[in-house]
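Coordinate analysis (summary)
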Amino acid sequence: MSETWLGIDIGGTSTRLLTLRGDEWGGFQKVPTASWATMPDALGALAGLIKAVLAEQKVSGVMLGLPGILSRNRQQVISLPFIQALNNIHVAARLSEMTGVPVAMDKDVNHLMLWDLLQLEQMPDNAVGLYLGTGMGNSLWVNGQFYHGEHGGAGEIGHIPWADNDLPCPCGNQGCAETLTSGHWLSQWAQRNVPHTDMSQLFTLYGNHSELQQFVTRLAKIIASEMNILDPQYLILGGGVLAMNDFPLAWLQSQIERYLRPPVTRSELKIIISHATDQTGGRGACLAAARRFGRSL
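These remarks concern the structure in this document. (Residues numbered from 1 in each chain as written. Predicted model: local features only at pLDDT ≥ 70, side-chain atom pairs only at ≥ 80, totals over all residues. Heavy atoms only, no water.)

Here we take up the environment of Ser210. On the secondary structure map, Ser210 appears in helix 7 (residues 210-230). Separated by 67 residues in the primary sequence, Ser210 and Asn143 have C-alpha atoms spaced 40 Å apart. (Helix = DSSP H or I, 4+ residues; strand = E, 2+ residues; numbered from the N terminus.)

Written as C-alpha cells, this is what we have:
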C-alpha cells in the first residue's frame, strides 16, 4: 500500500498544504498564515491544521517548508522574521509529539529547488537556486545534497552588504542587498512612483525606466557573484518577481553572463527558468518527506 506524505509550504502571507499518495497529488488547501501564526498558541494552531488532515487520511510523514533560518540539524527554528512566534522552538519535534506522526522541516526555498532539480533528466552534483519573491530565496545544492552551513545560515545571499546602502533590513542589519533587490523593494518603488499601477503590469509599462533597469542589473551582479564563488553546473531562476508579466528574463541572463568569470564559468553554466505554481512548494515538501522518511528519489 502506498504511503501518504503531507507537505506544508509556509510563507509570510499564505500556508499551503498538499498530500502525495503514490504518484497522486491531492488535498491542496491554502490558508492565510495569520490564521494560525497570530494565535496565542501558534504552534498548537499549526498542529491543528495537521490534525485536520490526519482526520481525513493516514499520513506517514510531514515536511514543513519555512522562510527563515533553521538550525543546521533542521530541528530548531532560529529566525523567522515574518512568523516570530516560532523562533527558538524545536518545531518539528514538538509537532510530532502533538500530532503523533513524524515531522521534519527545511527552508521553503529548498523544497522549490528540490522540485526543480527532479524535473531535470539527471540530478546534478552542484546547483544553485535563486527565487526572488518578497525576499531573496537562495538554495545551495552541493555535492548531491543541500548545503546548510555550520550554523544553518547558508544561502542568505540577500543579506550580503551592498555598497553605499544604509537601508534597514528586517534581519536587524543595515545595507543588505535584499533591501534594494527584492519584491518588497519593487512594491515600495511602485507605491512611490506609480501608485495606481497594478504590480503585475510594472515591467510591461515601466520596464524601460532607468531605476527598474538598475534593479535588474543589481540582481545580475548578486547572482553572478555567487556563481563565481561556487561554479555550479546549474543555476535555477524563479520566484514571483521573475514571473511578472514582461520581466526581462533574457536581459537578466545576459547580464549574469556578462559578470561571470570567463572562460568556462561563462560558457558552461546552464541556466534554467523555474515555472513554479501555487503548489510547487508543497510538492517539493512532499517529495522531501518521502526522501526523509521513506523512499529515495
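Note on placement: Thr19 falls in strand 2 (residues 14-21). Taking the relative accessible area as the measure of exposure, Thr19 reaches 7% and is therefore buried. A polar atom in the side chain of Thr19 sits 2.8 Å from the backbone oxygen of Gly26. The residues contacting Thr19, other than those within four sequence positions of it, are Thr4, Trp5, Leu6, Glu24, Trp25, Gly26, Gly27, Val53, Gln57 and Cys286. (Buried < 20%, exposed > 50% of the residue type's maximum accessible area, 1.4 Å probe, protein only. Polar contact = N/O pair within 3.5 Å; in protein donor to acceptor, adjacent residues only side chain to side chain. Contact = heavy atoms within 4.5 Å.)

Scanning the entire structure with this criterion turns up 4 aromatic pairs. Residues Trp25 and Trp115 carry aromatic rings whose centres are separated by 5.9 Å and whose planes lie at 70 degrees to one another, so their mutual orientation is edge-to-face. Highlighted residues: Trp25 in strand 3 (residues 24-32) and Trp115 in helix 4 (residues 108-117), separated in sequence by 90 residues. For the pair Phe203 and Phe247, a centre-to-centre distance of 4.9 Å together with 70 degrees between the ring planes defines the contact as edge-to-face. Placement of the pair is Phe203 in helix 6 (residues 202-206) and Phe247 in the loop between strand 11 (234-238) and helix 8 (249-259), with a sequence separation of 44 residues. Residue Phe203 is classed as buried on the basis of its relative accessible area of 4%. Directly above the aromatic system of Trp185 lies the positively charged group of Arg218, at a separation of 5.0 Å from the ring centroid. Positioned above the aromatic ring of Tyr234, the side-chain terminus of Lys270 is 5.8 Å from the ring centre. (Phe/Tyr/Trp six-rings, centres within 6.5 Å; stacked < 30°, edge-to-face > 60°. Lys NZ or Arg CZ within 6 Å of the ring centre and 35° of its normal.)

Here we take up the pattern of salt bridges. The tally for this structure, following the rule as stated, stands at 6 salt bridges. When the shortest N-O distance is used, the salt bridge between Arg16 and Asp278 registers 2.7 Å. Taken together, the residues span a long stretch of sequence, with Arg16 in strand 2 and Asp278 in the loop between strand 12 (270-273) and helix 10 (280-293) at a distance of 262 residues. By relative accessible area, Arg16 is classed as buried at 16%. Exposure remark for Asp278: the relative accessible area of 34% places this residue in the partly exposed category. The salt bridge involving Arg74 is made with Asp106; its shortest N-O contact spans 2.9 Å. Of the two residues, Arg74 sits in the loop between strand 5 (69-70) and strand 6 (77-79) while Asp106 sits in strand 7 (residues 103-107), which places them 32 residues apart along the sequence. In terms of burial, Arg74 and Asp106 fall into one category: buried. Among the charged side chains, a salt-bridge network with shared partners connects Asp9, Arg16, Lys30 and Asp278. (Salt bridge = Lys/Arg side-chain N within 4 Å of Asp/Glu carboxyl O.)

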